[in-house]
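Examination of the molecular architecture
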Amino acid sequence: MNREELERELERLHPASFGWALWCCRQRREDAEEVLQTAYLKILEGRARFGGESSFRTWLFGVVRHTAAEQARRRWLRDALLLKWFAREPAPPPFDPDAGVACSERSRELRRALDALPLRQREVLHLVFYQEMTVEEAARAMGVSVGTARTHFERGKSRLREMLAREEEHEFNRP
Amino acid sequence: MSSIGPEEDRNLHQRFAELRRQDTARAPEFAALLRPRAKRTGFSAFSRLAIAVACVLVITVTLARYHSRPPAKPVPSLSEWRSPTDFLLQTPGRELLIGVPRLGEWPQGIAVPGSSPSPIGTKKAI
């Protein structure tokens, strides 16, 4: 793929990639944009190459996920160093599912419930339900075996249903 | 393929589709992300200045302390060394303790009793 083709593909998948980056960065919009920009540059500058072993989207999501993990490691290191006491810039805000978004109550509940799940379960549920991938594709994007992804998917789905049912019950009982 | 049951997961699908619509609506422009932007370092100008000043201070203090130290005295060899409290061991009459005294001989260096006139017992003739 040449640069023009790559750019076209990235642009076509951009909304989905942004949604994925948001979930990789725990809904922090600024972080998601930074991760996405770094991932795009990696691809366009040839630092990450598409080998054709999976679909372009699956591969792209793997690159975004890897970049988000790198950024999280860098942030952790920076915070762990003594220099953090000199940093006057405020730390990134904690997860806020309602930040700047006109969300319905149902969406808020879903974001809250997803945020309470372990990372792997959240990732696989996002890839399957939100990105409409198969579990096999999700496993490739997450860099885990299909069996592992399936286990996380089933457990996550069951916990998510429980949490949502509890939320709905709570809403119903509210005066 | 995934193991999603069509009935039981319809609700989840609908909820996630709603989320997707909301996220898509707030996605930044693709072209805007390809434009270079200022890299966030996480440190303000004040922080960088404070770090630089602290580094300079540490280096200055270290160098100053290193140069103000007095030169080290030469270390004497072990065979030449004498204890500063050695004189305390020079007790009176220690010659008696060094060897075994013999009958009829008087140890050297010790005055024989009666050989010198006693300053108390002498009387001046008037």
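Reference entry: report on the structure contained in this document. (Residues numbered from 1 in each chain as written. Chains lettered and ligands numbered in written order. Predicted model: local features only at pLDDT ≥ 70, side-chain atom pairs only at ≥ 80, totals over all residues.)

1. A look at the overall build of chain A
We count it as follows: Helical segments are the DSSP runs of H or I of at least four residues, strand segments are the runs of E of at least two, and each set is numbered from the N terminus. Any two residues are considered in contact once their C-beta atoms, placed from the backbone, lie within 7 Å.
Looking only at helices and strands, chain A has 8 helices and 0 strands in total. For chain A, the N- to C-terminal ordering of α and β elements is α-α-α-α-α-α-α-α. Look at the contacts in chain A between residues 6 or more apart in sequence, and 63% of them connect residues 24 or more apart.

2. Describing the overall build of chain B
Just so we agree on the cut-off: Here a residue counts as buried when 20 or more other C-beta atoms sit within 10 Å of its C-beta, as exposed when there are 12 or fewer, and as partly exposed otherwise, the C-beta atoms being derived from the backbone.
Scanning chain B for helices and strands turns up 4 helices and 0 strands. Taking all 126 residues of chain B together, 5% fall into the buried category.

3. What to know about the nonpolar core
All names here are of chain A. Selection criterion: Working definition: the nonpolar core is a set of buried Ala, Val, Leu, Ile, Met, Phe, Trp, Tyr and Cys residues, joined through C-beta atoms within 7 Å.
Formed by 43 residues in total, the largest nonpolar core has its most connected members in Ala21, Val35, Leu36, Val64, Val128 and Ala138. Among the elements that line this core, the one with the most residues is helix α2 (residues 14–24), at 7 residues. In contact with Ala138, other than residues within four places in its own chain, are Val124, Leu127, Val128, Met133 and Ala149.

4. Considerations on the packing of helix α6 (residues 119–130) of chain A against helix α7 (residues 135–142) of chain A
All names here are of chain A. The line we're drawing: For every element, the axis is a line fit to its C-alpha atoms; helices are fit only across the contacting stretch, and the angle between N-to-C directions ranges from 0 to 180 degrees. Comment on the angle field: the value is read as roughly parallel under 35 degrees, roughly antiparallel over 145, roughly perpendicular from 65 to 115, and oblique elsewhere. By convention, the crossing between two helices is left-handed when the near helix turns anticlockwise from the far helix through less than a right angle, and right-handed when the turn is clockwise.
One way to put it is that α6 packs onto α7 with a least axis distance of 9 Å and a crossing angle of 130 degrees. Regarding the angle of α6 to α7, the classification is oblique. Classified by chirality, the crossing of α7 by α6 is right-handed. On α7, the residues that touch Glu123, Val124, Leu127 and Val128 of α6 are Val135, Ala138, Ala141 and Met142.

5. Thoughts on α7 of chain A
For an α-helix, the turn length of 3.6 residues means that residues three or four places apart are oriented alike. Burial analysis of α7 of chain A places 7 of its 8 residues in the buried class, the great majority of the element. Those residues of α7 of chain A lying buried are Val135, Glu137, Ala138, Ala139, Arg140, Ala141 and Met142 of chain A.

6. A few points about the packing of α2 of chain A against helix α1 (residues 10–25) of chain B
Convention followed: The residue classification treats Ala, Val, Leu, Ile, Met, Phe, Trp, Tyr, Cys and Pro as nonpolar and Asp, Glu, Lys and Arg as charged. All others, Gly included, are polar.
At a closest axis distance of 9 Å, the pairing of α2 of chain A and α1 of chain B adopts a crossing angle of 105 degrees. Here α2 of chain A is positioned roughly perpendicular relative to α1 of chain B, judged by the angle of their axes. For the pair formed by α2 of chain A and α1 of chain B, the contact residues are Pro15, Phe18, Gly19 and Leu22 of chain A on the first element and Arg20, Asp23 and Thr24 of chain B on the second. When grouped by side-chain class, the residues that make up the contact of α2 of chain A with α1 of chain B number 3 nonpolar, 2 polar and 2 charged.

7. Quick word on α6 of chain A
Residues and elements named next belong to chain A. To be explicit about the condition: Under the convention used throughout, the expected extent of a helix is 1.5 Å for every residue step, that is, one less than its residue count.
Under the 1.5 Å per step criterion, the end-to-end length of α6 is 15 Å for 12 residues, consistent within 8% with the ideal 16 Å. By the criterion of burial, α6 is predominantly enclosed, with 10 of the 12 residues buried. For α6, the complete set of buried residues consists of Gln121, Arg122, Glu123, Val124, Leu125, His126, Leu127, Val128, Phe129 and Tyr130. Phi turns positive, to about 55 degrees, at Glu132, one or two residues after α6.

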